[in-house]
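Geometric and topological summary
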Amino acid sequence: MAPRAGWKKVAATVTLTATSFTYSASAAQAFFPPWWPTDPPVTVSPPVTPPVVVVPPAPPPPFDPPVTPPPPILPPVVPPPSVVPPVCPPPHGVPEPSTLVGGLAGMAAAAGWAARRRKKAA
């Protein structure tokens, strides 16, 4: 058996695996900046002068403040709440669909490679 035959098997396996992942993967478009066919139009607006705001003086207080300060108001004493740990549901063991498709495609490629190897050996 020639040394090139081993590389042909590896190349076929890599091609099948890469093809399956290419078809099952979604397009990556979040990291690319938007493309403008021409320069975006430039608009220049004149500066807007804000209106002059006149603040009237504060009116005098309607009454005189009391001479003696009021007694301090203390908040009621509340006992600390009892902490009950939340009951968490068990984690779900369901993988996403592209993981299943990629895994099945990889297993199919490995099974095809093994079957072809067995067939040539016999």
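The preceding data block contains the structure.
Report follows, based on the coordinates. All figures in this text were calculated on a predicted structure; none of them were measured in a lab.

Description of a nonpolar patch on the surface
Taken together, the side chains of Trp-7, Val-10 and Val-14 define a hydrophobic patch exposed on the protein surface, amounting to about 350 Å² of accessible area. Among the structural elements, Val-10 can be located in helix H1 (residues 3-24). Assessed through its relative accessible area of 41%, Val-10 is described here as partly exposed.

Brief notes about helix H2 (residues 97-121)
End to end, H2 covers 36 Å across 25 residues, agreeing with the expected 36 Å (1.5 Å per residue, within 8%). Within H2, the full set of buried residues consists of Gly-102, Ala-105 and Ala-109.

Brief notes about the side chain of Ser-20
Positionally, Ser-20 belongs in helix H1. On the accessibility criterion, Ser-20 (15% relative accessible area) is buried. Of note is the side chain of Ser-20, whose polar atom sits 2.7 Å from the backbone oxygen of Thr-17.

What counts as what
- Residues numbered from 1 in each chain as written.
- Predicted model: local features only at pLDDT ≥ 70, side-chain atom pairs only at ≥ 80, totals over all residues.
- Heavy atoms only, no water.
- Patch = residues over 30% accessible without salt bridge, like charges linked within 9 Å, V, L, I, M, F, W, Y side chains within 5 Å.
- Areas by Shrake-Rupley, 256 points an atom, 1.4 Å probe, with all protein chains shown as cover.
- Salt bridge = Lys/Arg side-chain N within 4 Å of Asp/Glu carboxyl O.
- Helix = DSSP H or I, 4+ residues; strand = E, 2+ residues; numbered from the N terminus.
- Buried < 20%, exposed > 50% of the residue type's maximum accessible area, 1.4 Å probe, protein only.
- Expected span 1.5 Å × (residues − 1).
- Polar contact = N/O pair within 3.5 Å; in protein donor to acceptor, adjacent residues only side chain to side chain.

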